[in-house]
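Descriptive analysis of the structure
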Amino acid sequence: MIFIYAALLFLISFVIGILAVIGGIGGGSLFVPVISAFFPFSFDFVRGAGLFVALGSSLSAGPRLIESGYGKLRLALPFALSGAVFSVLGARAGLLVDDRIVGFLLGVMMFFVSFFMLFKKGGKKEGEFRDEDFSFKVLFRPGRRLKTLSAFISFSFIGFIAGMFGLGAGWAGVPVLNLLVGLPLRIAAGTSNIIISVNVSSAIWVYLKNNAVFPLIAIPSFLGMFIGSRIGASMLGRVKPGFIRLAVILFLLLSGIRLVYSNGMFLFFQQGV
Amino acid sequence: MESKLIERKYPRFFSAVVRIFLFLMVSAFIFNLFSVVSDRSSAEKAAEAAISGEILPQSISGVAVIAAVKLLSGSLIISFSYLSFLFFRGREYIFSLITALLVLIFLISAAASIC
């Protein structure tokens, strides 16, 4: 049976990998809700695998992003520091709280994410910074301090969510970097990827300590996602993202409904679904 | 000049470290998969544990894979230490301090998970 599960996880992660890249959402953010809603696996193992998937994909993309100039290391580091501290706290909180409560909260959050994806605008393609102006000093110049402080608080919250639910949470990091920090959209996406790798690397130790990373779930998922996201990236220019985005939103909504319903029934009416 | 040096040197080092550990991890998983395939009762136990969340004996749960995962996450400690050194050499002390703090967080989490 475990091999059927492993093969299914590989296939589904492969499809999620393709959809996630084209739909503009991180693989982990789609993986955890879909697998926890429709598979019978322990929620801890799914979150551990989700972090692992996010870690593997962001670490493998990191060097290329820095070299190509889309990932700004200097800007990523301070935000990653606040995110890393809170991702450890989030991971600890997520493992301490009852699985049903965390599952219910994840479902609620998926509603929020799907509405966010449905109504979000394109973002600022140009951003406030130009040329090589991406320095830490610029962030704290007069007039920018409040925005920068808000960005730090946002990344602390994003780190907490990433650790608690086992997500990469790139869907939240990119708008913060784009709208609050003022990075152009592409650079925001690249820099967010570096921040995810740091946040997740800190949180995963907590999951490892609690034996919440099960290789027979985590590795097939990681391999499927890794291959799928590469194929998805190569399809980016040829496929219309509108339809795929709608499919991703639908997946998130269905997972959210399932998670809220099954966990809510247990929490509020003591009925297992 | 130093800034360009960091952006050229670090990704190469980081990429090499991550590739080695990804290779180790996938090899360890394939080894683990074969060891579970060869024993029917191990496979059944693993399937039950995947659903119930119980902790398995290390021979089934793949101790080698977990070790590789720890190394993969630990690879960031190595590459960040190197980055901190590059920043320090480039006299960007604030970034050197930030990366050193990140390494410290990783080390504390790692030590807590091992002890």
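Bear in mind that the values here come from a model prediction, so they are computed numbers and not experimental data. (Residues numbered from 1 in each chain as written. Chains lettered and ligands numbered in written order. Predicted model: local features only at pLDDT ≥ 70, side-chain atom pairs only at ≥ 80, totals over all residues.)

In terms of helices and strands, chain A carries eleven helices and zero strands. Its helices and strands in sequence order give chain A the pattern α-α-α-α-α-α-α-α-α-α-α, from N to C terminus. Relative to the compact-globule value of 19 Å for 273 residues, chain A shows a C-alpha radius of gyration of 18 Å, a close match. Considered along the principal axes of its C-alpha atoms, chain A spans approximately 55 × 40 × 35 Å. Looking at chain A as a whole, 57% of its 273 residues qualify as buried. (Helix = DSSP H or I, 4+ residues; strand = E, 2+ residues; numbered from the N terminus. Rg over C-alpha atoms; globule rule 2.2 N^0.38 Å. Buried ≥ 20, exposed ≤ 12 C-beta atoms within 10 Å, placed from the backbone.)

Attention shifts here to the overall build of chain B. Helix and strand counts for chain B stand at five helices and zero strands. Sequence-ordered secondary structure for chain B, helices as α and strands as β, is α-α-α-α-α. Counting every position in chain B, which comprises 115 residues, the buried fraction comes to 34%. Relative to all contacts within chain B whose residues are 6 or more apart in sequence, the contacts with residues 24 or more apart total 66%. (Contact = placed C-beta atoms within 7 Å.)

This brings us to the environment of B:Ala50. Note on placement: B:Ala50 falls in helix α2 (residues 40-52). Given 24 C-beta atoms within 10 Å, B:Ala50 falls into the buried group. Put simply, B:Ala50 and B:Ser15 are 35 residues apart on the chain and 32 Å apart in space, counted from C-alpha to C-alpha. Once residues lying within four places of it in the same chain are set aside, the contact partners of B:Ala50 are A:Ile2, A:Tyr5, A:Phe41, A:Ser42, A:Phe45, A:Phe214, A:Leu216 and A:Ile217.

Residue and element names in this part refer to chain A. Contact geometry of helix α2 (residues 27-38) with helix α3 (residues 43-68) gives a least axis separation of 9 Å together with a crossing angle of 160°. Considering their axes alone, α2 and α3 lie roughly antiparallel with respect to each other. Crossing hand, α2 versus α3: right-handed. Across the interface between the two elements, Gly27, Gly28, Phe31, Val32, Ile35 and Ser36 from α2 touch Phe43, Val46, Arg47, Gly50, Leu51, Val53, Ala54 and Ser57 from α3. Split into classes, the residues belonging to the contact of α2 with α3 amount to eight nonpolar, five polar and one charged. (Axes fitted to C-alpha atoms, helices over the stretch in contact; angles between N-to-C directions. Parallel < 35°, antiparallel > 145°, perpendicular 65-115°, else oblique. Left-handed = near helix turned anticlockwise from the far one by under 90°. Nonpolar A, V, L, I, M, F, W, Y, C, P; charged D, E, K, R; others polar.)

Our focus in this paragraph is the interface of chain A and chain B. For an interface, size is often stated in terms of accessible area lost upon the parts coming together. Listed as interface residues are 40 residues of chain A and, on the opposing side, 37 residues of chain B. Looking at the side of chain A that touches chain B, the elements with two or more residues in it are α1 (2-23), α3, α4 (73-96), α9 (185-209) and α10 (215-235) of chain A. Here the side of chain A that touches chain B gets ten residues from one element, more than from any other, and that element is α3(A). Of the residues belonging to the side of chain A that touches chain B, the class tally is 30 nonpolar, six polar and four charged.

Residues and elements named next belong to chain A. In this model, α2 (twelve residues) spans 17 Å end to end at C-alpha, consistent with the 16 Å of a helix rising 1.5 Å per residue. Most of α2 sits inside the fold, with eleven of its twelve residues counted as buried. Taken as a whole, α2 has its buried residues at Gly27, Gly28, Ser29, Leu30, Phe31, Val32, Pro33, Val34, Ile35, Ser36 and Ala37. (Expected span 1.5 Å × (residues − 1).)

All names here are of chain A. In contact at an axis separation of 9 Å, α3 and α10 are set at 40° when each is read in the N-to-C sense. One finds that α3 runs oblique with respect to α10. With respect to the hand of their crossing, α3 and α10 are arranged in right-handed fashion. Here Phe45, Gly48, Ala49, Phe52, Val53, Gly56 and Ser57 of α3 lie close against α10, whose contacting residues are Ile217, Ala218, Ser221, Phe222, Met225, Phe226 and Ser229. Taken together, the residues of the contact of α3 with α10 break down into nine nonpolar, five polar and no charged.

Function-wise, these values are silent; they only describe arrangement.
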